[in-house]
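One letter stands for each residue in the lines below.
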Amino acid sequence: MQVKVALCQMKVEDNKKRNLQRAQKMIKEAAEQGAQMVMLPEMFNCPYDINCFRPYAEKLPQGETVYMLAEMAREKQIYLIGGSIPELDDDENLYNTCLIFNPEGKLLGKHRKIHLFDVQVKNGISFKESKVLKGGNNITVVATSFGKIGVMICFDIRFPELCRIMAMEGAGMIFVPAAFNMTTGPAHWETLFKSRALDNQVFVLGNSPARNEAASYIAYGHSLAVDPWGQIIAKASEDERLLLVELNLAEIEEARTAIPIWKQRRTDLYRVSKL
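These lines cover the structure that appears in this document, whether it is placed above or below. Every chain's residues receive numbers from 1 upward, in the order its sequence appears when written. Selection of residues for local features in this predicted model requires a pLDDT of at least 70, selection of side-chain atom pairs for listing and counting requires 80 or more, and totals for whole chains, interfaces and linings are taken over all residues. Side-chain descriptors were evaluated using all non-hydrogen atoms of the structure, hydrogens and water having been removed beforehand.

### A few points about helix H1 (residues 16-32)
Link 1 in the chain: Helix and strand labels come from DSSP, where a helix needs a run of H or I of at least four residues and a strand needs a run of E of at least two; each type is numbered from the N terminus. To estimate the expected span of a helix, count its residues, drop one, and scale the result by 1.5 Å. If you check H1, its first and last C-alpha atoms are 24 Å apart, about what 17 residues at 1.5 Å a residue would give, namely 24 Å.
Link 2 in the chain: Think of it in three bands: with a 1.4 Å probe and only protein chains considered, a residue is buried below 20% of the maximum accessible area for its type, exposed above 50%, and partly exposed in between. For H1, the set of buried residues is Lys16, Asn19, Leu20, Ala23, Met26, Ile27, Ala30 and Ala31. Projected down its long axis, H1 carries its buried residues within an arc of 135°, all on one side. Within H1, the exposed residues directed more than 90 degrees away from the buried face are Lys17, Lys25 and Glu32.
Link 3 in the chain: Pairing of N or O atoms within 3.5 Å defines a polar contact, subject to two protein rules: one partner must be a possible hydrogen donor and the other a possible acceptor, and residues neighboring in sequence count only if both atoms are side-chain atoms. Its side-chain oxygen placed 3.2 Å from the backbone nitrogen of Lys17, Asn15 serves as the N-cap of H1.
Link 4 in the chain: Downstream of H1 by one or two residues, Gly34 has phi in the positive range, about 95°. The directions from the helix axis to the C-beta atoms form the arc being described.

The following block contains the structure:
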């Protein structure tokens, strides 16, 4: 089975209306070029800035961003992995949330970013999402006509247990809306995506915002798709663009037959014991 996937590496600015218009335009272009699954980047409707999250936040399911995503999925009959947006719950808690829609425009699942981006890199990035966000508590795997998919957000990919559980639950594709920066992007972006794909013999796809030098937080860009052999099969640069890639899902089983790590796992030994 094959599936055509589009990653929308869009420029994000401090204007929700224009961000939604830009996302809508890219989704339409992706569908017109034959994409059956489309992904948007992390925090695509607002700047990646903790001071912007609450003003841009929406309560689900009635928000204008949610409405646009559902309509686009239904109108273009695609699976839509809606990047992420700031979500406000009934208790006024904020989450970094990805919504997944099916081709009927129905909500298949919702992933709240589990691992919050709290870092202090010497001579590099300093950021603390936990000042304003709460972390999610659920691992997100949903069923599609192309098989099960897993969804995580950005910093989540640094935790290999999460990808492994998704793969064990049957996900053959892992979708990752993400906004790595100019410190962590050059250092770790490709390595992490190749590692998670290779570890689990699955497709792993990362969708970044385009680079905006005028932003307070500058995204790395370089959206990419990695196959179960750990090879990058499609990659963007830093500018705004639509990245389309055809995935041959038979390659998952081919990789697992060639190098049968799933059969050779020693789960009888995988435990931590006191010395």
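### Points about unusual backbone geometry
Link 1 in the chain: Note the cis peptide between Leu60 and Pro61, where omega equals 10°.
Link 2 in the chain: At Met43, a position not held by glycine, the phi torsion is positive, near 45°.
Link 3 in the chain: Checked against the element boundaries, Met43 lands in the loop between strand E2 (37-39) and helix H2 (50-56).
Link 4 in the chain: A positive phi angle is found at Gln201, which is not glycine, with a value near 55°.
Link 5 in the chain: Tracing the backbone through its elements, the reader meets Gln201 in the loop between helix H5 (184-200) and strand E12 (203-207).

### So, the pattern of salt bridges
Link 1 in the chain: Just to be clear on terms, a salt bridge is a Lys or Arg side-chain nitrogen sitting within 4 Å of an Asp or Glu carboxyl oxygen. In total, this model carries 18 salt bridges according to the counting rule given.
Link 2 in the chain: In this structure, the salt-bridge partner of Arg112 is Glu87, at a minimum N-O distance of 2.8 Å. Here the residue Arg112 occupies a position in strand E6 (residues 107-112), and Glu87 occupies one in strand E4 (residues 85-88), the gap between them amounting to 25 residues.
Link 3 in the chain: On the basis of relative accessibility, which here comes to 3%, the residue Glu87 falls in the buried class.
Link 4 in the chain: Salt bridges linked by common partners bring Glu13, Arg18, Arg22 and Glu240 together as one network.

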